[in-house]
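# What the coordinates show
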Amino acid sequence: MNADEEGVTVIPNQNYFPDRNGQKPLYVILHGTAGGTSAEAIANFFATTENTNNPVSSHYVIGQDGKVVQCVPESGGAWANGIFSAGHEPFWNTSINPNNSTISIEHCKPSSDNSDPLTSAQQAASFQLIQHICQRWKIPMRTADASGGITGHFSIDPVSRSRCPGNYPWDQLWSYLKGGGSMLQLTDPSVQPFFSDGGNGAWKCKNGVVLLGANLTFYRTYGGPGLLGLPLSNEIYPPQHPNTAIVPCERAIIIYDPNRSVDNPPISGPCYLLHIDSGLGQQLLAQSTNTALQTYINKLNQINTLSKLS
Ligand SMILES: [Zn+2]
């Protein structure tokens, strides 16, 4: 079997419908393994279920280390999705076997309830693979509806698979796909000198600041260190604006404000840049009320003073 995706390892099995019964893949279905960490181990397990009472497979498995293994050709329908259960999302055409209209991706998750967040490496591999599959098959890069798209196993079988894939960074996936998959990676030359893997999908800056969640997605989507500069403090939570989080960077101030309680600029997604000429951004700059930021600025001033002395 040849790989459909560049750079992946192939560990094949025969647990699939070779011709999809005339269907084309219209959907990408995300799963969690509810046990295990290694893609090779899961793929080897799939192969052992051939000719048993419960043969299973998926097209791809992504390990916690970000390694991707392909088990079934995309032209075939992997046996990953079982059958529709009561309460499945209404857009599904239940006269078509859901394995024939889908491409399935398993994510290795050690916990039995799939509550583990993806690792940074796993998330990067998952987002990129989803994008490539959608490009290959012209699958809409959005949440699934009657005309196709991306969703989880829960959409097909909410009775026994409500926690499949479990914890998954859906908002970040949509941001990534909207940005044409151009989100910065830790391995990019503009990023590598400044950031390392902070665990649980976070990035740790060399100055100790940790970027995470939606603010990190925004940072990675809109220029990163090159345009925004380095983050100057961990997230600041202004008490007068609940459910917001501010990250001042060297060249701009990012705010997570999904309810648009501070400002309402015409940009999609939960984050945007604060005005620096008025309001909260101006206050932050003028007063530097945040101690973390103030400490950092003091440090910078000290360094500046020292460099003038030398
Ligand atoms: Zn599943």
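Residues numbered from 1 in each chain as written. Predicted model: local features only at pLDDT ≥ 70, side-chain atom pairs only at ≥ 80, totals over all residues. Heavy atoms only, no water.

For clarity, the cut-off: UniProt positions are given in the numbering used here, feature names are shortened, and annotations may be inferred rather than shown by experiment.
Within an unreviewed UniProt entry, the label attached to the protein chain reads N-acetylmuramoyl-L-alanine amidase, and the organism entered is Tengunoibacter tsumagoiensis. Of the comments in the UniProt record for the protein chain, the one headed Catalytic activity (unreviewed entry) reads "Hydrolyzes the link between N-acetylmuramoyl residues and L-amino acid residues in certain cell-wall glycopeptides."

## Side note on the packing of aromatic side chains
Cut-off, in case you're wondering: Two rings belonging to Phe, Tyr or Trp (six-membered ring only in the last case) form a pair when the distance between their centres is within 6.5 Å. Interplanar angles under 30 degrees mark stacking, angles over 60 mark edge-to-face geometry, and anything in between is tilted. A run of H or I in DSSP counts as a helix once it spans at least four residues, and a run of E counts as a strand once it spans at least two, with each numbered from the N terminus. Under the scheme applied here, a residue whose accessible area is under 20% of the maximum for its type counts as buried, over 50% as exposed, and between as partly exposed, the area being computed with a 1.4 Å probe on protein chains only.
Counted under the stated rule, the structure contains 14 aromatic pairs. Measuring from centroid to centroid gives 5.9 Å for Tyr 27 and Phe 91, while their planes differ by 25 degrees, and the two rings are stacked. Placement of Tyr 27 in strand E3 (residues 27-32) and of Phe 91 in the loop between strand E6 (77-78) and strand E7 (102-107) is noted, with a sequence separation of 64 residues between them. This pair shows no difference in class: Tyr 27 is buried, exactly as Phe 91 is. On the basis of an interplanar angle of 50 degrees and a centroid distance of 6.4 Å, the ring pair of Phe 45 and Phe 46 is categorised as tilted. What makes Phe 45 partly exposed here is its relative accessible area of 46%. An aromatic cluster of three or more residues is present, and its members are Phe 127, Phe 154, Tyr 168, Trp 170, Trp 174 and Tyr 176.

## Notes on the environment of Leu 274
As a reminder, the rule being used: By definition in these notes, contact holds between two residues if any of their heavy atoms fall within 4.5 Å.
Of note, Leu 274 is situated in the loop between strand E14 (271-273) and helix H6 (279-287). In the structure, Leu 274 is positioned 204 residues away from Gln 70 in sequence and 43 Å away in space, judged by C-alpha atoms. If near-sequence neighbours (up to four positions away) are discounted, Leu 274 is found in contact with Ile 246, Ile 253, Ile 255, Val 262, Leu 280 and Gly 281.

## Overview of the domain arrangement of the protein chain
Accessible area lost when the parts come together is the quantity often used to give the size of an interface. Keep this limit in mind: Note that the domain bounds were set by an automatic or database domain assignment. We define buried area as the total accessible area lost by two parts upon association, computed with a 1.4 Å probe and summed across both. By salt bridge we mean one thing: a side-chain nitrogen of Lys or Arg within 4 Å of a carboxyl oxygen of Asp or Glu. Whenever two N or O atoms come within 3.5 Å, that pair is a polar contact, provided that in protein one can donate a hydrogen and the other can accept it, and provided that, for residues adjacent in sequence, both atoms are side-chain atoms. Ten residue types, Ala, Val, Leu, Ile, Met, Phe, Trp, Tyr, Cys and Pro, are classed as nonpolar, four, Asp, Glu, Lys and Arg, as charged, and the remainder, Gly among them, as polar.
Each domain of the protein chain was delimited in the assignment, giving domain 1 (9-178) and domain 2 (195-309). For domain 1 versus domain 2, the distance between C-alpha centres works out to 35 Å. A combined buried area of about 650 Å² lies between domain 1 and domain 2, and 44% of that area is made up of carbon and sulfur atoms. At the boundary of domain 1 and domain 2, one finds zero salt bridges. Seen at the junction of domain 1 and domain 2, the total is one residue pair in polar contact (both at pLDDT 80 or more). Secondary-structure elements contributing two or more residues to the side of domain 1 that touches domain 2 are helix H2 (120-137) and helix H3 (170-178). The greatest single-element share of the side of domain 1 that touches domain 2, amounting to three residues, is contributed by H3. Within the side of domain 1 that touches domain 2, the residues separate by chemical class into two nonpolar, five polar and one charged.

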